[in-house]
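Structural features, examined
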Number of protein chains: 2
Amino acid sequence: MQGEHEVVVCRLEHRPGRDDRMTTHVGLTARALGADRLVLPDNAAQAEETVVDITARFGGPFDVECTEGTVGFVRNFEGTVVHLTMYGERVQDVEDDVRAAHADGPVLVVVGSEKVPFDVYEHADFNVGVTNQPHSEVAGLAVFLDRLFDGRELDREWADPEAVVLPQDTGKRVVDP
Amino acid sequence: MQGEHEVVVCRLEHRPGRDDRMTTHVGLTARALGADRLVLPDNAAQAEETVVDITARFGGPFDVECTEGTVGFVRNFEGTVVHLTMYGERVQDVEDDVRAAHADGPVLVVVGSEKVPFDVYEHADFNVGVTNQPHSEVAGLAVFLDRLFDGRELDREWADPEAVVLPQDTGKRVVDP
């Protein structure tokens with residue numbers, strides 16, 4: 001978010017077709033919940049396009065890029081690497097340390113896939129489980145970002161939106177600002 | 001969760017094929033993040049089966065049922081109805097009221113679909129937006145539950161698991177208790 005060290009979300013792997021919606025939801029969740037940038041494997045161009053479209057419509061800044069080697073990207077990232085995995089340390093036990101790391105510099109949040117290379121576990125500064133139960137990479141990312149930012153992401157402002165949703169107790173209201 | 005008023009998650013609609021993974025992730029997120037029960041439309045039997053399998057393997061209690069009419073289920077629910085929608089009131093503004101309602105009785109969390117009948121907006125005690133940005137029903141549900149339970153769900157215990165993941169700073173460890 002503006003005025004803070006960068007938070008990047010990297011989706012490690014993508015299976016075209018099968019993962020299209022999940023990867024898109026990872027991307028939209030990263031944008032909505034305070035990350036600055038999304039890195040996808042280069043076969044995820046369709047998800048990239050959707051996230052770019054939503055950013056054009058609902059505001060930014062939010063950057064999206066595809067890369068040939070996500071594992072290489074993780075390895076070369078200059079900052080703290082957090083790998084979200086159900087096998088990791090409990091988020092409630094490590095979140096203070098991760099927040100302290102983010103106060104000092106950029107954070108990369110790695111969202112896995114069926115088969116995460118052991119390399120990634122070893123390279124990560126934190127392997128973090130949002131519960132040690134099987135559920136959803138989208139849910140894990142969402143809870144992690146909300147805790148990383150301590151809820152500040154809910155108040156973030158969006159530059160240059162074409163559409164703004166005004167909160168309503170009943171019904172829908174979208175305006176063109 | 002045990003010792004608290006029931007929290008039920010209802011997925012309003014399901015398109016077989018296209019929504020299989022999303023509905024499954026909604027269900028697994030509900031289970032992992034403290035809900036007691038999942039209600040699905042009756043064409044979502046495949047997702048139901050996956051959630052039942054995961055519960056058998058990793059522990060419960062967690063109930064799953066399919067119903068012919070999810071809108072009817074919402075209308076007849078005896079307790080507080082929360083409908084998650086990007087058009088709703090900001091979660092940070094209403095979460096205290098929802099927590100107070102949950103201290104008094106059961107809560108139903110309705111997770112939408114492309115076309116939510118206006119009825120549901122009107123019937124809901126709270127229409128709640130986890131941001132007013134488009135992202136993911138799974139992400140919205142996850143952040144909402146984490147806030148509803150104030151993080152207590154991360155410490156919930158599981159009855160009769162066949163497999164238990166032990167948190168690790170690197171690698172994976174699963175034991176048969």
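These remarks concern the structure in this document.

**Notes on the environment of B:Tyr121**
Mapped onto the secondary structure, B:Tyr121 falls in helix α5 (residues 118–123). Residues B:Tyr121 and B:Glu162 lie 41 residues apart in sequence; the distance between their C-alpha atoms is 40 Å. Excluding residues that lie within four positions of it along the chain, B:Tyr121 makes contacts with A:Thr170, A:Gly171, A:Lys172, B:His83, B:Thr85, B:Tyr87, B:Val116 and B:Asn127.

**Quick notes on the interface of chain A and chain B**
Contacts between the two partners involve 51 residues from chain A and, on the opposite side, 51 residues from chain B. Summed over both partners, the interface of chain A with chain B comes to about 4,500 Å²; 62% of that surface belongs to carbon and sulfur atoms. Of all residues in chain A, the largest losses of buried area upon contact with chain B belong to A:Arg21, A:Tyr87 and A:Leu154, amounting jointly to 16% of the total for that side. Our count for the contact surface shared by chain A and chain B stands at 6 salt bridges.

**Regarding the nonpolar core**
Counting residues in each nonpolar core, the largest one holds 115 residues, and the members touching the most others are A:Phe144 and B:Phe144. Excluding its chain neighbours within four sequence positions, the residues that come into contact with A:Phe144 are A:Val82, A:Leu84, A:Val91, A:Val98, A:Val109, A:Val128 and A:Val130.

**Thoughts on the packing of aromatic side chains**
For the structure shown, the criterion picks out 4 aromatic pairs over all chains. Ring geometry for A:Phe73 and A:Phe77: centres 6.2 Å apart, planes at 50°, overall tilted. Residues A:Phe73 and A:Phe77 agree in their burial class; the two are buried. Measuring from centroid to centroid gives 6.0 Å for A:Phe118 and A:Tyr121, while their planes differ by 25°, and the two rings are stacked. One end of the pair is A:Phe118 and the other is A:Tyr121, both in helix α5 (residues 118–123) and 3 residues apart, which spans about a single turn. Relative accessible area serves as the criterion here: at 3%, A:Tyr121 is assigned to the buried category. Seen from the ring of B:Trp158, B:Arg156 lies directly overhead, with NZ or CZ sitting 3.7 Å from the centre.

**Comments concerning the relation of the copies chain A and chain B**
Superposition of chain A onto chain B requires a rotation of 180° combined with a translation of 0.0 Å along the rotation axis, giving an RMSD of 0.0 Å. Taken together, the rotation and translation relating the two chain copies correspond to the operation of a two-fold axis. Across chain A, the smallest distance between a C-alpha and the rotation axis is recorded for A:Ala139, namely 2.3 Å.

**Remarks on the pattern of salt bridges**
On inspection of all chains with the given rule, the structure shows 28 salt bridges over all chains. For A:Arg37, the salt bridge goes to A:Glu65, with nearest N and O atoms at 3.0 Å. Of the two residues, A:Arg37 sits in strand β2 (residues 37–41) while A:Glu65 sits in strand β3 (residues 63–67), which places them 28 residues apart along the sequence. For A:Arg37, a relative accessible area of 16% translates into the label buried. Residue A:Glu65 is classed as partly exposed on the basis of its relative accessible area of 29%. If you follow the salt bridges from partner to partner, you end up with A:Glu95, A:Asp96, A:Arg99, A:Arg147, A:Asp150 and B:Asp146 in one network.

**Focus: the side chain of A:His14**
Residues and elements named next belong to chain A. Checked against the element boundaries, histidine 14 lands in the loop between β1 (7–11) and α1 (20–32). In terms of polar contacts, histidine 14 uses its side chain to reach the side chain of aspartate 20, at 3.1 Å. With residues up to four places along the chain from it excluded, the contact list for histidine 14 reads Asp19, Asp20, Thr23, Pro41, Asn43 and Ala44.

**Details of the sheet that holds strand β4 (residues 80–90) of chain A**
All names here are of chain A. What the 6 strands build is an open sheet, ordered β3-β2-β1-β5-β4-β6; its pairing is parallel. Looking along the sheet, the strands with just one partner apiece sit at the ends: β3 and β6 (126–129). Pairs of neighbouring strands in the sheet enclose a mean axial angle of 30°, with direction left out of account. Across the face of the sheet, helix α2 (residues 45–58) comes into contact with β2 and β3 while running at roughly 170° to β3. Each of β1, β4, β5 (107–111) and β6 touches helix α4 (residues 91–104); the most contacted strand, β4, lies at about 180° to it.

**As for the packing of helix α4 (residues 91–104) of chain B against helix α6 (residues 137–148) of chain B**
All names here are of chain B. Taken N-terminus to C-terminus, the directions of α4 and α6 make an angle of 55°; their axes are 9 Å apart at the nearest point. In terms of orientation, α4 and α6 fall into the oblique class. Both α4 and α6 take part in a crossing whose hand is right-handed. When α4 is examined against α6, the residues Val91, Gln92, Glu95, Val98, Arg99 and His102 are found in contact with a partner set consisting of Phe144, Arg147 and Leu148. Here the contact of α4 with α6 is built from residues that sort into 4 nonpolar, 2 polar and 3 charged.

**Overview of the pairing of β5(A)**
All names here are of chain A. In terms of residue burial, β5 counts as a mostly covered element, since 5 of its 5 residues are buried. What you see with β5 is no split at all: Val107, Val109 and Val111 on one side and Leu108 and Val110 on the other are buried throughout. With 5 bridges connecting them, β1 and β5 associate as parallel partners. Within β5, the position partnered with valine 9 by the bridge is valine 109. Strand direction decides the pairing type here: β4 and β5, joined by 5 bridges, are parallel. If you follow leucine 84 over to β5, its bridge partner there is valine 111. Running through α4, the crossover from β4 to the neighbouring parallel element β5 is right-handed.

Parameters at a glance
- Numbering of residues starts from 1 in each chain and follows the order in which that chain's sequence is written.
- Written order determines the labels here, with chains lettered from A and ligands numbered from 1.
- Side-chain atom pairs in this predicted model are given and counted only at pLDDT of 80 or more, local residue features only at pLDDT of at least 70, and totals for whole chains, interfaces and linings cover all residues.
- Think of the side-chain values as coming from all heavy atoms in the structure, minus any hydrogens and water.
- Secondary structure is summarised from DSSP: a helix means a run of H or I of at least four residues, a strand means a run of E of at least two, and numbering begins at the N terminus for each.
- Between two residues, a contact is recorded if the distance between any of their heavy atoms is within 4.5 Å.
- We define buried area as the total accessible area lost by two parts upon association, computed with a 1.4 Å probe and summed across both.
- Throughout this description, the term salt bridge denotes a Lys or Arg side-chain nitrogen within 4 Å of a carboxyl oxygen of Asp or Glu.
- Throughout, nonpolar core names a set of buried Ala, Val, Leu, Ile, Met, Phe, Trp, Tyr and Cys residues whose side chains join them through atoms within 4.5 Å.
- Burial status follows relative accessibility: with a 1.4 Å probe on protein chains alone, a residue under 20% of its type maximum counts as buried, one over 50% as exposed, and anything between as partly exposed.
- Between 30 and 60 degrees the pair is tilted, below 30 it is stacked and above 60 it is edge-to-face, where a pair is any two Phe, Tyr or Trp rings, Trp via its six-membered ring, whose centres lie within 6.5 Å.
- Here, a charge over a ring is recorded when the distance from Lys NZ or Arg CZ to the ring centre is within 6 Å and its angle to the ring normal is within 35 degrees.
- Superposition of the copies used a least-squares fit over C-alpha atoms from residues whose pLDDT is at least 70 in both.
- Residues adjacent in sequence count toward polar contacts only when both atoms are side-chain atoms; beyond that, a polar contact is any pair of N or O atoms within 3.5 Å, and within protein one must be able to donate a hydrogen and the other to accept it.
- One requirement defines pairing of two strands: DSSP has to find at least two bridges between them.
- Note on geometry: axes are C-alpha line fits, over the in-contact stretch for helices, and angles between N-to-C directions span 0 to 180 degrees.
- Small angles under 35 degrees read as roughly parallel and large ones over 145 as roughly antiparallel, with 65 to 115 read as roughly perpendicular and the rest as oblique.
- The handedness criterion is simple: a crossing whose near helix is rotated anticlockwise from the far helix by less than a right angle is left-handed, and one whose near helix is rotated clockwise is right-handed.
- In this classification, the charged set is Asp, Glu, Lys and Arg, the nonpolar set is Ala, Val, Leu, Ile, Met, Phe, Trp, Tyr, Cys and Pro, and all remaining amino acids, among them Gly, are polar.
- By convention, a crossover is right-handed whenever its connection, traced from the first strand over the helix to the second and viewed with the strands pointing away, goes clockwise.

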